[in-house]
Amino acid sequence: LTVEIDQLDPAKGGKLVVMVYNSKNTWLQIDKNQHQVILDVTGPKMTVKFDAVPVGTYAVSAVQDLNGNNKVDMAWVPVPRPSEPLGISNNIQAKAGPPSFDKASFPLDASDKTLSITLEQ
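All values reported here derive from a predicted model rather than from experimental measurement.

Draft legend 1. Local environment of the sheet that holds strand β1 (residues 2–6). If you trace the 3 strands from one edge of the open sheet to the other, you get β4-β1-β10, paired in mixed fashion. Of all the strands in the sheet, just β4 (45–49) and β10 (114–118) have a single pairing partner and so form its edges. Going from strand to strand, the sheet's axes swing by 20° on average, the running direction of each strand aside. Sheet analysis places β1 next to β4, joined by 5 bridges and oriented antiparallel. By the bridge assignment for β4, Thr2 is matched with Lys49.

Draft legend 2. The arrangement of the environment of Ile38 in detail. In this fold, Ile38 is placed in strand β3 (residues 35–40). Given a relative accessible area of 36%, Ile38 falls into the partly exposed group. The spacing of Ile38 and Gly68 is 30 residues in sequence and 10.0 Å in space, taken between C-alpha atoms.

Draft legend 3. Seen up close, the nonpolar core. Counting residues in each nonpolar core, the largest one holds 21 residues, and the members touching the most others are Leu1, Val3, Ile5, Leu16, Val18, Phe50 and Val60. Of all the elements in the fold, those that place two or more residues in this core are β1, β2 (15–21), β4, β5 (56–65), β9 (106–108) and β10. Residues within four places of Val60 in sequence aside, it is in contact with Leu1, Val3, Val18, Met19, Val20, Trp27, Gly87, Ile88, Ser89, Phe106, Leu115 and Ile117. Grouped together as the second largest cluster of nonpolar side chains are 10 residues, Val63, Leu86, Ile88 and Phe101 included.

Draft legend 4. Summary view of the pairing of β1. Here 5 bridges tie β1 to β10, and the two strands are oriented parallel to one another. Looking across to β10, one finds that Asp6 is bridged to Thr118.

Draft legend 5. Representation of the packing of aromatic side chains in the model. The tally for this structure, following the rule as stated, stands at 2 aromatic pairs. Between Tyr21 and Trp27, the aromatic rings sit 5.3 Å apart at their centres with planes inclined by 85°, giving edge-to-face as the arrangement. Taking the relative accessible area as the measure of exposure, Tyr21 reaches 0% and is therefore buried. Taking the centre distance of 6.0 Å and the plane angle of 70° together, the rings of Trp27 and Phe101 count as edge-to-face. Remark: Phe101 occurs in helix α1 (residues 101–104) and Trp27 occurs in the loop between β2 and β3; sequence separation between them is 74 residues. The residues Trp27 and Phe101 share a single accessibility class, namely buried. One aromatic cluster in this structure is built from Tyr21, Trp27 and Phe101.

Draft legend 6. Molecular detail of the pairing of β2. In terms of residue burial, β2 counts as a mostly covered element, since 6 of its 7 residues are buried. Relative to β3, β2 runs antiparallel, the two being bridged by 6 bridges. Bridge pairing in β3 links Val17 to Ile38. Relative to β5, β2 is paired through 7 bridges, and the arrangement is antiparallel. Residue Tyr21 lies in a different strand from β5, and its bridge partner there is Ala59.

Definitions and cut-offs
- Residues numbered from 1 in each chain as written.
- Predicted model: local features only at pLDDT ≥ 70, side-chain atom pairs only at ≥ 80, totals over all residues.
- Heavy atoms only, no water.
- Pairing = 2+ DSSP bridges.
- Helix = DSSP H or I, 4+ residues; strand = E, 2+ residues; numbered from the N terminus.
- Axes fitted to C-alpha atoms, helices over the stretch in contact; angles between N-to-C directions.
- Buried < 20%, exposed > 50% of the residue type's maximum accessible area, 1.4 Å probe, protein only.
- Core = buried A, V, L, I, M, F, W, Y, C linked by side-chain atoms within 4.5 Å.
- Contact = heavy atoms within 4.5 Å.
- Phe/Tyr/Trp six-rings, centres within 6.5 Å; stacked < 30°, edge-to-face > 60°.

Have a look at this one:
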């Protein structure tokens, strides 16, 4: 599984955290992802490769973790929304609450799959 992430802002620093989930029961629970990669943000577009991901249904979240706490920080006023750049597979937007696993999920078969995720600022 290859994930291409764009709209990173290297001037803001931080880490790129990319997480792969395989269940709506664990979706967006940081400590319950199936696969995770954390990298220094080095450019406006980065590619992350996950090896040995079994065939199945997955959803991916990516965040530019500006403060290094390995989670998506939220702004609560005037409405709850991510305060760090965030992207979800299928480029589902996190507007009024978190997107559902069903909307963000995709099938992964035996062939390599490449996803493109654009971070929302």
